[in-house]
Amino acid sequence: YTGNDEVIFRTLNGGNIWTYQYVGNSPIPFQYISSLDFSNNQAFGVGNGGKIVKSTDFGVNWNVVTSNTTTELHDIKHLNQDTLFAVGKNEIIRSSDSGQNWNVILSHPFAEFSSISIGSKNVFVGYAGGEMLLISENYGNTFDTLDLPFICTGELYCLNDSTVVVSGEEDV
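So, a few notes on the structure that sits alongside this text.

Cut-offs applied
- Residues numbered from 1 in each chain as written.
- Predicted model: local features only at pLDDT ≥ 70, side-chain atom pairs only at ≥ 80, totals over all residues.
- Heavy atoms only, no water.
- Phe/Tyr/Trp six-rings, centres within 6.5 Å; stacked < 30°, edge-to-face > 60°.
- Helix = DSSP H or I, 4+ residues; strand = E, 2+ residues; numbered from the N terminus.
- Buried < 20%, exposed > 50% of the residue type's maximum accessible area, 1.4 Å probe, protein only.
- Pairing = 2+ DSSP bridges.
- Core = buried A, V, L, I, M, F, W, Y, C linked by side-chain atoms within 4.5 Å.
- Contact = heavy atoms within 4.5 Å.
- Axes fitted to C-alpha atoms, helices over the stretch in contact; angles between N-to-C directions.
- Polar contact = N/O pair within 3.5 Å; in protein donor to acceptor, adjacent residues only side chain to side chain.
- Salt bridge = Lys/Arg side-chain N within 4 Å of Asp/Glu carboxyl O.

## So, the packing of aromatic side chains
Here is step 1: Taken as a whole and judged by the stated rule, the model has 3 aromatic pairs.
Here is step 2: Ring centres of Phe38 and Trp62 lie 6.5 Å apart, and the angle between their planes is 85°; this geometry places the pair in the edge-to-face category. With Phe38 in strand β3 (residues 33-39) and Trp62 in the loop between β5 (52-55) and β6 (63-65), the pair connects residues that are 24 residues apart, well separated along the chain.
Here is step 3: Their ring planes at 70° and their centres at 5.7 Å tell us that Phe113 and Tyr127 sit as a pair that is edge-to-face. Of the two residues, Phe113 sits in strand β9 (residues 103-118) while Tyr127 sits in strand β10 (residues 123-127), which places them 14 residues apart along the sequence. Here Phe113 matches Tyr127 in class, with each residue buried.

## Re the pairing of β9
Here is step 1: Summarising the sheet, strand β8 (residues 84-95) and β9 pair through 5 bridges and their orientation is antiparallel. Bridging across to β9, Glu91 finds its partner in Ser107.
Here is step 2: Where β9 hands over to β10, the hairpin turn is made up of 4 residues, counted between the paired strands.

## Here's the deal with the nonpolar core
Here is step 1: The biggest cluster of nonpolar side chains holds 12 residues, and these are Phe85, Val87, Ile92, Ala111, Phe113, Ile116, Ile118, Val123, Val125, Tyr127, Leu134 and Phe143.
Here is step 2: The element contributing the most residues to this core is β9, with 4 residues.
Here is step 3: Once you skip the residues sitting within four places of it in the chain, Leu134 turns out to touch Ile92, Leu106, Phe113, Val123, Phe124, Val125, Phe143, Asp144 and Thr145.
Here is step 4: Within the second largest apolar cluster, 10 residues are counted, among which are Val46, Leu73, Leu84 and Ala86.

## Looking at the sheet that holds β10
Here is step 1: A sheet is described by the order of its strands in space; here 6 strands give the open sequence β7-β8-β9-β10-β11-β12, paired in antiparallel fashion. The open sheet has two edge strands with one neighbour each: β7 (73-78) and β12 (144-147). Between one strand axis and the next, the sheet turns through 40° on average, direction left out of account.
Here is step 2: Examined bridge by bridge, β9 and β10 share 5 bridges and lie antiparallel to one another. Looking at β10, one finds that Ile116 is bridged to Val125.

## Overview of the sheet that holds β3
Here is step 1: Within the open sheet, the 4 strands sit side by side as β3-β4-β5-β6. Their pairing is antiparallel. Of all the strands in the sheet, the pair left with one neighbour each is β3 and β6. Geometrically, the sheet is characterised by an average inter-axis angle of 25° between neighbouring strands, direction not taken into account.
Here is step 2: Inspection of the sheet shows β5 paired to β6 by 3 bridges, in the antiparallel sense. Bridge assignment links Ile52 to a residue of β6, and that residue is Val65.

## Quick word on the side chain of Ser35
Here is step 1: Along the polypeptide, Ser35 turns up in strand β3.
Here is step 2: For Ser35, a relative accessible area of 10% gives the class buried.
Here is step 3: At 2.8 Å, the side chain of Ser35 forms a polar contact with the side chain of Asp75.
Here is step 4: With residues up to four places along the chain from it excluded, the contact list for Ser35 reads Phe44, Gly45, Val46, His74, Asp75 and Ile76.

## With respect to unusual backbone geometry
Here is step 1: The backbone of Ser98 sits at a positive phi, close to 60°, despite the residue not being glycine.
Here is step 2: By secondary structure assignment, the location of Ser98 is in the loop between β8 and β9.

## Details of the pattern of salt bridges
Two side chains with opposite charge may pair up if their charged atoms get near one another.
Here is step 1: Enumeration over the complete set of coordinates arrives at 1 salt bridge.
Here is step 2: Of the charged contacts, one joins Lys77 and Asp75 as a salt bridge, the two residues approaching to 2.9 Å between their closest N and O atoms.
Here is step 3: The class of Asp75 is buried, set by a relative accessible area of 7%.

Shown next as structure tokens:
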């Protein structure tokens with residue numbers, strides 16, 4: 001927990017010494033960073049207020065990018081170097097230009113989209129507290145629901161386009 005400011009730390013020696021890599025000073029503080037994702041030299045972090053930070057030098061320097069949302073963001077993932085998805089309370093957003101511009105691609109007033117995982121073409125989105133996942137079989141252009149026989153707690157990991165591991169609880 002970082003109080004009323006956002007902080008990213010980095011270690012180069014297995015965790016013996018940690019250094020500040022990003023300390024936010026914007027008028028809308030993160031209060032926390034909920035997810036980081038790296039692809040080659042490019043890194044992104046997301047948190048509350050719709051705030052996204054980006055690094056193009058392996059996480060050494062960070063800059064704020066505009067997300068076009070104010071929703072609390074929970075997770076971010078790269079499809080490839082250019083295309084990224086972020087999910088949060090009520091919204092799924094996508095960038096097709098390495099995180100420079102973001103657009104809302106799915107909005108639901110009562111949804112709690114909590115995690116995202118990507119296969120070679122399928123995009124899976126965890127929906128906390130529901131008995132379903134969202135799946136896109138066309139790189140996030142459209143999403144369908146995948147009914148589950150249990151309540152999803154929102155965390156998931158895609159091993160490949162047909163195998164997904166999901167955290168959940170028994171539906172009682």
